[in-house]
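Residue-level structural notes
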Amino acid sequence: MQILKRSLIAGGAAAAVILAGGVAADAATYPKYKAPKIFGTSFQKDPAHDFTKHISSRHNGILRGWITHVSGGTVEYTPIRWKKGTQDEGHFEGPPEGDVMAYASPIAKDVTFLSAYGCKASPSYMTVDRDTGLGAKKCSRAALIKRAKSYQQAALITVYKGQIVQLQEIYTP
């Protein structure tokens with residue numbers, strides 16, 4: 001009986017190690033970055049980025065922005081800011097016309113896409129964290145690319161080593 005108990009305990013411990021390893025494998029393999037204010041009223045700066053040269057990736061970190069163009073698995077994106085409204089709560093807006101504040105990065109093959117509207121983008125099907133207003137439904141890379149081709153959606157875009165590794169939509173009614 002003691003041998004059976006020890007075997008069960010050892011087996012349970014081994015299973016816990018395996019499960020923990022599985023969780024670690026699913027966890028992000030990039031550093032945790034400080035997220036910007038979701039409804040920040042100024043454009044985020046990237047002081048090390050030279051916008052006078054060709055369009056290129058933003059440096060590592062999280063940008064409050066939206067995708068403006070899709071070409072294959074690479075997207076162009078710009079920072080956005082919250083503009084308080086007089087008749088309503090407000091809206092997100094990009095840089096003014098003619099401003100060259102844009103980036104381009106490939107979407108990582110294993111990107112984490114957290115949707116605020118479900119994987120099929122249904123306006124009646126919200127999938128948001130009610131505390132933050134950020135997308136909570138994990139969807140495929142293909143769903144992200146399809147969505148980005150259809151319309152601009154405010155999001156927190158995480159860039160690591162020149163690739164977009166996570167995109168988390170910001171819910172806006």
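For the structure, check the block above.
This paragraph deals with the nonpolar core. Nonpolar side chains in soluble globular proteins generally cluster together in the buried interior. The biggest cluster of nonpolar side chains holds 19 residues, and the ones touching the most others in it are I67, V75, Y77, L144, I157, I164 and L167. Sorting the residues of this core by element identifies β1 (61–71), β2 (74–79), β5 (103–115), α2 (141–150), β7 (155–160) and β8 (163–169) as the ones contributing at least two each.

What follows covers unusual backbone geometry. A positive phi angle is found at K161, which is not glycine, with a value near 55 degrees. Residue placement: K161 occurs in the loop between β7 and β8.

Now for the environment of H49. Mapping H49 onto the fold places it in the loop between α1 (2–26) and β1. Take H49: its relative accessible area is 10%, and that puts it in the buried class. Each C-alpha atom, one on H49 and one on Y103, is 9.4 Å from the other, the two residues being 54 residues apart in sequence. Every residue in contact with H49, bar those within four places of it in the chain, is listed here: S56, S57, R58, H59, A102 and Y103. At a separation of 3.4 Å, a polar atom in the side chain of H49 contacts the main-chain carbonyl oxygen of S57.

Right, let's get into the layout of surface pockets. Put simply, the second largest pocket is a space of about 160 Å³. Lining the second largest pocket are F39, W82, E89, G90, H91, F92, Y171, T172 and P173. Examining the composition of the lining of the second largest pocket, we find that three residues originate from one element, strand β4 (residues 90–93), more than from any other. A per-class count over the lining of the second largest pocket returns five nonpolar, three polar and one charged.

Calculation criteria
Within every chain, residues take consecutive numbers counted from 1 along the sequence as written. Reporting in this predicted model follows two pLDDT cut-offs: at least 70 for local features of residues, and 80 or more for side-chain atom pairs to be given and counted; totals over whole chains, interfaces and linings ignore these cut-offs and use all residues. Only hydrogens and water are removed before side-chain values are computed, so all heavy atoms of the structure are retained for them. Residues enter a nonpolar core if they are buried and are Ala, Val, Leu, Ile, Met, Phe, Trp, Tyr or Cys, with the set joined through side-chain atoms within 4.5 Å. Buried means the residue's accessible area, taken with a 1.4 Å probe over protein chains only, is under 20% of the maximum for its type, while exposed means over 50%, and partly exposed covers the values in between. A helix here means a DSSP run of H or I that spans at least four residues, while a strand means a run of E at least two residues long, and both kinds are numbered starting from the N terminus. In what follows, residue pairs with any heavy atoms lying within 4.5 Å of each other are defined as contacts. In protein, a polar contact means a hydrogen-donor-capable atom and an acceptor-capable atom, both N or O and within 3.5 Å, with residues adjacent in sequence counting only if both atoms are side-chain atoms; elsewhere, any N or O pair within 3.5 Å suffices. In this analysis the probe radius is 1.4 Å and the grid spacing 1 Å, with only protein atoms considered; a cavity is a set of points the probe fits into but cannot get out of, a pocket is an open set with protein on both sides within 12 Å along at least five of seven lines, and lining residues have an atom within 4 Å of a point. Grid points are joined across faces, edges and corners, and a volume is the space filled by probe spheres set on the points. Following the grouping adopted for this structure description, the nonpolar residues are Ala, Val, Leu, Ile, Met, Phe, Trp, Tyr, Cys and Pro, the charged ones are Asp, Glu, Lys and Arg, and the polar ones are all others, Gly among them.

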